Each structure stands twice: as C-alpha cells, then as structure tokens.
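Residues per chain, in single letters:
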Amino acid sequence: MDRSNLLREGGLCLGLFLILTVFALWIPVLGLAAFFFLSIPFIYFTFKYELKAGISLALIAFSILFILLGPSALPIGVLFLPSGVIIGELYRRKKEAFAVLVGGALSYVVAIVFIFIAAVLILNVDPVAEMQAVMLESVEMTEQMMPLLGEAEEDALQPFYDFVDSLSVIAPSLMVMIGVGFAFTVQVIASFILRKKGEDISRFPPFRDWGFPKAFIWYYLITYLFMFGGIEEGTALYTAVSNLSPVLEMIMIIQGFALVFFYFHYKGKGLVFPIIVVVMSFLLPFFLHIIRILGIIDLGFDLRKRMNSQK
C-alpha cells in the first residue's frame, strides 16, 4: 500500500466529507441532497484502502466534527460514518448488490434507533411526538386554507389525521423503511461513482427480475387476518401487526411494480410505459392498490415464471 497515496486520498475524502456536511447543515435546498453523499467518501476510501484505514478515517472525521460542532456531531457521525465503512468493506469483499444493501440498511437502521434512544434518554425529547406536532400543524394549516370546508373535504383530510395519530405505533416500521430507502439510494450513488472510476462493482439485477421469497405472501395474509379479526389497541400484538403491515404492503407494491416492468419488457415495449405506470401510481394512489394486488398475485402464482415458460 502506497502510504503517500493513502494520506493524500484520505485528506481529500476527509475534506469532501466536511464540505458536504456544511452543505447538509446550512444550505437550505442542496443540503437535503448532500445528506445522501455524506457516506460516499468513506465508502470509496474503505473500498480502496481496506477496513482498518476506513475506520481510522471515520474516527478522525468524527473527532474533527466533534471539535467543530460539539455534541451535535454525534447524530451525523453515528448515521453516516459506520454505514460508509460497512458498505465500502462489503464492496471490497465483492459481495452481491443485495448483500451490500442488507449490510447498509442494517447500519442505517441501527444508527436511527440509536439516535432515537439517545434523544429520549439524554435530551428528554421524543422525536416521534415532535414529528407528530409538526405534521399536525401542517394538516391544520391546510384545513384552514380550504375555503368553506364541506363534509367531503373534511373526510378527505381524515386519513392524514389518522396517519399522524398512528405514528407513535408504526415508528419502528418507518425507521426500517427509511433506513432501507436511504441505504439503497446511497448504494446507487456509490456504485455509479466507483464504476466511473473503473472499479468492478456488483450491480442490482434488472428491476423486472426482482422478487421476494414466497413466504412473504403467508406473512402478509396472516398479518391481515389478525387485522380483520380485531386486535385490542395497546397490546404487543397490535403493535407488531401495525408495524408489519406497512412493511409487507411496501414489499407487495415493489413486487407488483417488478411485474409491471417485466410485462412491458416481455411485450417488447421498453421502459417508457412502466415508468408512466409508476408515476401515475404515485399521483393517483388508487393505482397503488392495483399494483399491490398484482404483487400478491405474482408472488402467489409465479406469474413471471409462467409467462417465461410460455415463450
């Protein structure tokens, strides 16, 4: 290992991380995007110079952050530094893309849970309650801006009030989904940058080939049997089912979108049509129910395998 290159690139990665941190904390719009890049310098450095060097750089970065920001450096350090080192090391070990995603997602979820616990125990602040207050204020402002609310408009806002009320129950599932989504986005950015530098990085398979184990259909059905059967609020079973439900729904939606992409590829229609379906599904949420049903059918009856066998 060339020590001069290690020190030079370590300095560059450290400087880039500090610049991105400034953007993330103090630049209003660009800051949101900068958060997705904070782990990238450590992914690259660990990938190129191995685990020990990556950990050393992360510790140096955290020390400088703590000097500059004080205790405020803790959430940034916990969230972005370990995840960068872990993803970089998994890439260096030539792990498959989904294995890297699992490792990255676990690191982000653990960091989010740690930050949540620290906020409650040390700062005596409940992040979920704070989020509920902000969201409730936003919904109430929207309600006040509606001229002469009628019954239909009030009913239209009720799901938002219900969602805000449920946040205290479904917070664990939200943490998991945020961690997985963040890890996936960071991994896509990191793999693109590393491949541009000529590195051999594992790719995700085409989205049309994505699929979950068939066992998830049984988890989904059992969860909904409990929901329709009625569960007493406040019990451990109610909390477990309430958190499993949105995660399993998201899994079915992903399965359904994969089927849509597969179908249009099967018909030789290219990517334009499935992308339009995705956009329309989020603009008109009713279509998400259809996509979820398609995902359930595909997972239960292996539609893609059946279509492939008919070629």
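Residues numbered from 1 in each chain as written. Predicted model: local features only at pLDDT ≥ 70, side-chain atom pairs only at ≥ 80, totals over all residues. Heavy atoms only, no water.

To continue, consider the pattern of salt bridges. A side chain with one charge may pair with a side chain of the opposite charge, provided their charged atoms come close. This model, assessed by the stated rule, comprises five salt bridges. Note that Glu89 is salt-bridged to Arg93, the shortest N-O span being 2.7 Å. Taking the shortest distance from any N to any O, the salt bridge between Arg304 and Asp298 comes out at 2.7 Å. Pair check on accessibility: Arg304 and Asp298 agree, each one buried. Linked by salt bridges that have partners in common, Glu89, Arg92 and Arg93 make up one network. (Salt bridge = Lys/Arg side-chain N within 4 Å of Asp/Glu carboxyl O. Buried < 20%, exposed > 50% of the residue type's maximum accessible area, 1.4 Å probe, protein only.)

The next point concerns the packing of aromatic side chains. Tallied over the entire structure, the rule returns 22 aromatic pairs. For the ring pair Tyr220 and Tyr224, a centre distance of 4.8 Å and an interplane angle of 35° mean the geometry is tilted. Residue Tyr220 and its partner Tyr224 are located together in helix α8 (residues 215–229), separated by four residues, close to a single helical turn. For the pair Tyr220 and Tyr224, one class covers both residues: buried. Measuring from centroid to centroid gives 5.8 Å for Phe264 and Phe273, while their planes differ by 10°, and the two rings are stacked. Relative accessible area serves as the criterion here: at 43%, Phe273 is assigned to the partly exposed category. Taken together, the ring pairs in this structure connect Phe98, Phe184, Phe204, Phe207, Trp210 and Phe261 into an aromatic cluster. (Phe/Tyr/Trp six-rings, centres within 6.5 Å; stacked < 30°, edge-to-face > 60°. Helix = DSSP H or I, 4+ residues; strand = E, 2+ residues; numbered from the N terminus.)

Turning our eyes to something else, we now look at helix α11 (residues 286–301). In an α-helix there are 3.6 residues to a turn, and that puts residues three or four apart on one side. Taking 1.5 Å of rise per residue, the 16 residues of α11 would be expected to cover 22 Å, and the 23 Å separating its terminal C-alpha atoms lies within 8% of that figure. Listing the buried residues of α11 in full gives Leu288, Ile291, Arg292, Gly295, Asp298 and Leu299. With its buried residues spanning 125° around the axis, α11 presents them on a single face. Exposed and facing more than 90 degrees away from the buried side of α11 are Phe286 and Phe301. On its buried side, α11 packs onto α8, α9 (236–266), α10 (272–283) and α12 (303–309). Phi turns positive, to about 50°, at Asp302, one or two residues after α11. (Expected span 1.5 Å × (residues − 1). Arc of directions from axis to C-beta. Contact = heavy atoms within 4.5 Å.)

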